[in-house]
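Summary of structural features
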Amino acid sequence: MHTKTISALSALLQAKQVSATELANLYLKRIHASPLNAFLDVNDELTLKQAADADAKLAAGNAGPLTGVPIAHKDIFVTKGWRTTAGSKMLANYVSPFDATVVAKLNDAGMVNLGKLNCDEFAMGSANENSAFGPVKNPWDLSAVPGGSSGGSAAAVAARLAPAATATDTGGSIRQPASFCGVTGIKPTYGRVSRYGMIAYASSLDQGGIIAQDAKDCALLLGAIAGFDEKDSTSMDRPVDDYMADLDKPLEGLRIGLPKEYFGDGLSAEVEGPIREAIKVFEKLGATTVEISLKNTDLCIPAYYVIAPAEASSNLSRYDGVRYGFRAEHYTDIQDMYRKSRSQGFGDEVQRRILVGTYVLSHGYYDAYYIQAQRVRRLIANDYKEAFKQCDIIMGPVAPTVAWNLGDRVDDPVANYLSDIFTISTNLAGLPGMSIPCGFGQGEHAKRPVGLQLTGSWFAEAKLLNAANRFQQVTDWHQKAPE
Ligand code: GLN
């Protein structure tokens, strides 16, 4: 039962072959027995209460397709009644008085919350090792990182501790952990999903999305969370496509763009192999390929590490120990209280980014760094605009390597930053992207998954989901699960 997809579980619930309570108990048991550290808050009582409500709706015959289906939430989404920590000591005991819009929408659809998922502190990281509550282990290989920052979401879905999870992506945090854990993830167009109640990291880049077993489940859940929200001024007032409608459409004539910058020296052979094989599968399905150029690829990391810390330094200024969050115990005056609360409450990586962000925004440096980075951002978006004249979907690797070993890069922030080279430009341009499993590494990495990245034009989520679903109809990488 625990290996089933959301769509399969939905059918079983509707047919009364299983109850929401039975499902909740089954997953809770797996969660309690798991050694992965994927969950930060588990609360059987709250979960079973939601399951009982779902069972009542199912019995009364007024259930929707998601009623009673379990899901878990990245600990970046605030949840009423549950702890929401953002992976930080700063919010270790924080309980939100309201639900994030994404959470509220899934609650309204009748979904049952299995708990809160571990992540990098304030979503800053690529390995989930920046969590104040310890790293998550990769279920495929316990000595490997799960990727980040949505490491808990990807690991939980891969280990079948939850059939799907919410996640967020600022520079790759849905696609890269999905790739490292062999699951399917979608990061929608910026503005497609409400950021209300999603704890802010870099507001012009953050976007919520879904990690699930396959593209069909991503389509089902994205349809449930997407849409305009008057509480988020950057959410788009534009109708939501029916993501399920075109899932099976043939791919004849689909033009796939292969950025030449993504297949250069930096790409490991064990990743390139499965990526090339996956592209052949798309060709068999009727697609054609064309080489394209994203010529500013080497500028995306420098631009991102100016813009994201700048926005983070501003967003995180609210954690001052006054209204909520951690407050240092001993201090002399208010300045001392701010300083100690922030030094003790935030981890090293978060403090590093606040320092960088404050620096690039300061008088005299603003033009040289921040404005310059914004100009580069425009160039990157223009590259995509040009590319989408030649192709419908861009494909390539999600990351240059498979998951690395836990501990290997904890003292090397730059190595972590560089691993996002293929995902960050999508966020800078605000585009939708997916990661789908397409193979494994080699030798001692034979159990470390490889993900194929699909990038679409603005609001082309349905096209990405269609391509991903067709691929998954003729391959079985997405059905493989760790022991
Ligand atoms: N790894 C990137 C960072 O540390 C992206 C994280 C994310 O997408 N939340 O900022």
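Please read these numbers as outputs of a predicted model, since none were measured by experiment. (Residues numbered from 1 in each chain as written. Predicted model: local features only at pLDDT ≥ 70, side-chain atom pairs only at ≥ 80, totals over all residues. Heavy atoms only, no water.)

Things to note about helix α1 (residues 6-14)
So the rule is basically this: We call a residue buried when its accessible area falls under 20% of the maximum for its residue type, exposed when it is over 50%, and partly exposed in between, using a 1.4 Å probe and counting protein chains only. Numbering goes from the N terminus for both helices and strands, where a helix is a DSSP run of H or I of at least four residues and a strand is a run of E of at least two. For this quantity, the arc is that covered by the directions from the helix axis to the C-beta atoms.
Among the residues making up α1, those that are buried are I6, L9, S10, L12 and L13. The buried residues of α1 occupy an angular sector of 165 degrees when the element is viewed end-on, so they sit on one face. Note on α1: the residue one or two positions beyond its end, K16, has a positive phi of about 60 degrees.

Thoughts on the site of the ligand
Selection rule: Nearness here has a simple test: a residue counts as near a molecule or strand if at least one of its heavy atoms is within 4 Å of that partner. Polar contacts, as counted here, are pairs of nitrogen or oxygen atoms within 3.5 Å of one another; within protein the pair requires one atom able to donate a hydrogen and one able to accept it, and residues that are adjacent in sequence qualify only if both atoms are side-chain atoms. Method for areas: the Shrake-Rupley scheme with a 1.4 Å probe, in which residue coverage is limited to the protein chains shown. Grid points spaced at 1 Å over the protein atoms alone were grouped into cavities, where a 1.4 Å probe fits but cannot get out, and pockets, open sets with protein on both sides within 12 Å along at least five of seven lines, with lining residues defined by an atom within 4 Å of a point. In this scheme, a molecule is assigned to a cavity or pocket if more than half of its atoms are within 2 Å of the grid points. Residue type decides the class: Asp, Glu, Lys and Arg count as charged, Ala, Val, Leu, Ile, Met, Phe, Trp, Tyr, Cys and Pro as nonpolar, and the leftover types, Gly among them, as polar.
Around the ligand lies a shell of 15 residues, among which G171, S173, Y201, Y304 and D420 are the nearest. Between the ligand and the protein, one listed contact pairs an oxygen atom with a backbone N or O atom of G125 at 2.9 Å. In the complex, 100% of the free accessible area of the ligand, which totals 290 Å², lies under the protein chains. Placement of the ligand is best described as lying within the largest cavity. A breakdown of the residues in the shell around the ligand according to their chemical character gives 5 nonpolar, 7 polar and 3 charged.

A closer look at the packing of aromatic side chains
Counted only if it meets this: Only rings of Phe, Tyr and Trp enter the pairing, Trp through its six-membered ring, and a pair is recorded when the two centres are within 6.5 Å. The plane angle decides the type: under 30 degrees is stacked, over 60 is edge-to-face, the rest tilted. By the criterion adopted, a ring carries a charge over it if an Arg CZ or a Lys NZ lies within 6 Å of its centre and within 35 degrees of its normal.
Tallied over the entire structure, the rule returns 18 aromatic pairs. Ring geometry for Y262 versus F422: centroids 4.7 Å apart, planes at 35 degrees, classification tilted. Taken as a pair, Y262 in the loop between β7 (255-259) and α8 (269-284) and F422 in the loop between α13 (413-418) and α14 (424-429) lie far apart in primary sequence, 160 residues in all. By the ring-pair criterion, three or more aromatic residues cluster together here, those being Y94, F122, Y319, Y324 and F346. The lysine or arginine in question, R238, covers the ring of F459, its NZ or CZ lying 4.0 Å from the ring centre. One residue, R409, lies across the ring of W404, its end atom 3.9 Å from the ring centre.

Thoughts on the side chain of T84
Stated formally: Contacts: residue pairs with any heavy atoms within 4.5 Å of one another.
When you line up the elements, T84 lands in the loop between β2 (70-74) and α4 (101-108). The exposure class assigned to T84 is buried, which follows from its relative accessible area of 0%. A polar atom in the side chain of T84 sits 3.2 Å from the side chain of T79. T84 has contacts with D75, F77, V78, T79, L91, Y94, K116 and I199, leaving out every residue within four places of it along the chain.

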